[in-house]
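These are the residues of each chain, in order.
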Amino acid sequence: MGRFSKHGSRNVVLIFNIGTCKMELSIIIVNYKTPILTHRCIESIYQSKTSFNFEIIVVDNFSQDDSEKIITKDFPEVKWINNTYNAGFGRANNLGVSQAKGEYILLLNSDMLLSQDLHPCIEKLEESTLNGVLGCQLQNEDGSFQKSCYYDVGTIRHLLSYNILWYKLFKPQPKSLDAVMGSFMLIRKTDFDVVGGFDKDFFMYAEELEMCYRVKKKGKKIVYFDKYIAIHKHGGSSTESNWTLRQNLLSNALLYLKTGGWLSYLSYHLIYHFNIITNTFLSFSLSKNDRQVYQKLYIAYLSNYFRYFYLPFIYSFKKNREFLKVKR
């Protein structure tokens, strides 16, 4: 059956099934003070005319604004879950999945837009029982391509790819597809449950890399499905650039500790220092914009410096720990 809902000057047909129909897909969206983006994302899901039974679950990370009112007014069928604190990306998605009834789980950022039926994605995932996590081709709103997957996650090779001298001398090519962007991740609910979902130690960033690492450890494959295209308003749900860089770097440090242990963690910082020194001396070969990007990145890294010393002790020995979060 259907329901009509008016959004501005457009009439959108919202299709959903009721009764005893089997729920095939649960779409999880984490909202944190982004009601307009989340509204637009949900609207795009319905407009994509996805051809099977699905539910939408929004987990609100203690926005303390009018997000719930704005979303549920136009989409009353959406299942809304209020967190009592800002639980970050991974924990919020874990909560959403725990309430999901679908056979498949689509983790979708609030700043995403869908324009195609999701059925081909599920068909691609089901081509093999070894397919674990599926990501799609992400594009900017102007149609330009955006980074959609990760290679060589948690390796020295990956770190050295950011070294100007190393890159000029060896021109390293990525080897192993290890993860897809957390903004669009399709996975069977059984596989999500088997690996235990996202690691709760991560507040934001790198948690999708760590979970994909565990999925691969279970013998599953990471699938990049470039025939399905979705629009990602990159950074739309994260507005504090300096905080974002610092949080990203701290989470990546934790990623190396989680996936490779203390030796990997030490190597991460040694190579990072090597990159800072080398790239600073060779910065003359970069454009002004690239120099500024590197400068901001290294300032953010150094601002976390003392946290890097106690991080491995806290996250290796402390049992009751909070997620790793940079103070704003």
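Residues numbered from 1 in each chain as written. Predicted model: local features only at pLDDT ≥ 70, side-chain atom pairs only at ≥ 80, totals over all residues. Heavy atoms only, no water.

### Let's talk about the nonpolar core
Link 1 in the chain: Among the nonpolar cores identified, the biggest contains 89 residues, and Ile27, Ile56, Leu108 and Phe184 are the most heavily contacted of them.
Link 2 in the chain: In terms of residue count, the dominant contributor to this core is helix α9 (residues 241-281) (13 residues).
Link 3 in the chain: Those residues within four positions of leucine 108 in sequence are excluded, and the remaining contacts are Ile27, Ile28, Ile29, Val30, Cys41, Ile45, Leu114, Ser183 and Phe184. (Core = buried A, V, L, I, M, F, W, Y, C linked by side-chain atoms within 4.5 Å. Buried < 20%, exposed > 50% of the residue type's maximum accessible area, 1.4 Å probe, protein only. Helix = DSSP H or I, 4+ residues; strand = E, 2+ residues; numbered from the N terminus. Contact = heavy atoms within 4.5 Å.)

### Here's the deal with the environment of tyrosine 298
Link 1 in the chain: Within the fold, tyrosine 298 resides in helix α10 (residues 288-303).
Link 2 in the chain: For tyrosine 298 and glutamate 141, which are 157 residues apart along the polypeptide, the C-alpha to C-alpha distance reads 29 Å.
Link 3 in the chain: With residues up to four places along the chain from it excluded, the contact list for tyrosine 298 reads Tyr272, Asn275, Ile276 and Asn279.

### Side note on the packing of helix α8 (residues 207-217) against α9
Link 1 in the chain: Running from N to C, α8 and α9 cross one another at 15°; their axes reach a closest spacing of 9 Å. Considered as vectors, α8 and α9 are oriented roughly parallel to each other. Crossing hand, α8 versus α9: right-handed. Together, Leu209, Glu210 and Tyr213 of α8 and Asn252, Leu255, Lys258 and Thr259 of α9 make up the contact between the two elements. (Axes fitted to C-alpha atoms, helices over the stretch in contact; angles between N-to-C directions. Parallel < 35°, antiparallel > 145°, perpendicular 65-115°, else oblique. Left-handed = near helix turned anticlockwise from the far one by under 90°.)

### Here's the deal with the sheet that holds strand β7 (residues 112-113)
Link 1 in the chain: Sheet architecture is open: 8 strands sit in the order β5-β4-β3-β6-β11-β8-β12-β7, paired in mixed fashion. Looking at which strands have only one partner, the edges of the open sheet turn out to be β5 (79-82) and β7.
Link 2 in the chain: In terms of strand pairing, strand β8 (residues 131-139) meets strand β12 (residues 221-232) through 8 bridges, oriented parallel. The residue of β12 that forms the bridge with cysteine 136 is phenylalanine 225.
Link 3 in the chain: Lying on the sheet, helix α2 (residues 67-74) is in contact with β3 (25-31), β4 (54-60) and β5; it crosses β5 at an angle near 170°. (Pairing = 2+ DSSP bridges.)

### Considerations on empty space enclosed by the protein
Link 1 in the chain: For the structure on display, the rule yields 1 cavity of 30 Å³ or more.
Link 2 in the chain: Its volume calculated, the largest cavity comes out at about 30 Å³.
Link 3 in the chain: What lines the largest cavity is simply Leu25, Leu106, Leu118, Cys121, Ile122 and Leu186.
Link 4 in the chain: Residues belonging to the lining of the largest cavity are distributed by class as follows: 6 nonpolar, no polar and no charged. (1 Å grid on protein atoms, 1.4 Å probe; cavity = no way out; pocket = protein on both sides within 12 Å on 5 of 7 lines; lining within 4 Å. Points joined across faces, edges and corners; volume = space filled by probe spheres on them. Nonpolar A, V, L, I, M, F, W, Y, C, P; charged D, E, K, R; others polar.)

### Focus: the pattern of salt bridges
Link 1 in the chain: In this structure the tally under the stated criterion is 14 salt bridges.
Link 2 in the chain: For the salt bridge of aspartate 178 with lysine 216, the shortest nitrogen-to-oxygen distance reads 2.6 Å. Here the residue aspartate 178 occupies a position in strand β10 (residues 177-180), and lysine 216 occupies one in helix α8, the gap between them amounting to 38 residues.
Link 3 in the chain: A residue is classified by how much of its surface remains accessible, and aspartate 178, at 11% relative accessible area, is buried.
Link 4 in the chain: Close ionic contact of lysine 189 with aspartate 193 constitutes a salt bridge, the shortest N to O distance being 3.2 Å. Placement of the pair is lysine 189 and aspartate 193 together in helix α7 (residues 189-195), with a separation of 4 residues, close to one helical turn.
Link 5 in the chain: For lysine 189, a relative accessible area of 18% corresponds to the buried category.
Link 6 in the chain: The network of salt bridges with common partners includes Glu126, Arg188, Asp191 and Lys220. (Salt bridge = Lys/Arg side-chain N within 4 Å of Asp/Glu carboxyl O.)

### Re the packing of aromatic side chains
Link 1 in the chain: A full pass over the atoms with the stated rule returns 19 aromatic pairs.
Link 2 in the chain: Relative to phenylalanine 198, the ring of phenylalanine 89 lies with its centre 5.6 Å away and its plane at 65°, an arrangement referred to as edge-to-face. Separated by 109 residues along the polypeptide, phenylalanine 89 in helix α3 (residues 88-98) and phenylalanine 198 in the loop between α7 and α8 bring together distant segments of the chain.
Link 3 in the chain: The class of phenylalanine 89 is buried, set by a relative accessible area of 13%.
Link 4 in the chain: Summarising the aromatic geometry, the rings of phenylalanine 203 and tryptophan 243 are spaced 6.2 Å apart at their centres and angled 85° between planes, so their arrangement reads as edge-to-face. With a gap of 40 residues between them, phenylalanine 203 in the loop between α7 and α8 and tryptophan 243 in helix α9 connect regions that are remote in the sequence. Like tryptophan 243, phenylalanine 203 is buried.
Link 5 in the chain: Ring-pair connections join several aromatic residues into one group, and the members of that group are Tyr256, Tyr268, Tyr272, Tyr294, Tyr298, Tyr301, Tyr305, Tyr308 and Phe309.
Link 6 in the chain: Of note, arginine 328 hangs over the ring of tryptophan 243, and the distance from its end group to the ring centre comes to 3.9 Å. (Phe/Tyr/Trp six-rings, centres within 6.5 Å; stacked < 30°, edge-to-face > 60°. Lys NZ or Arg CZ within 6 Å of the ring centre and 35° of its normal.)

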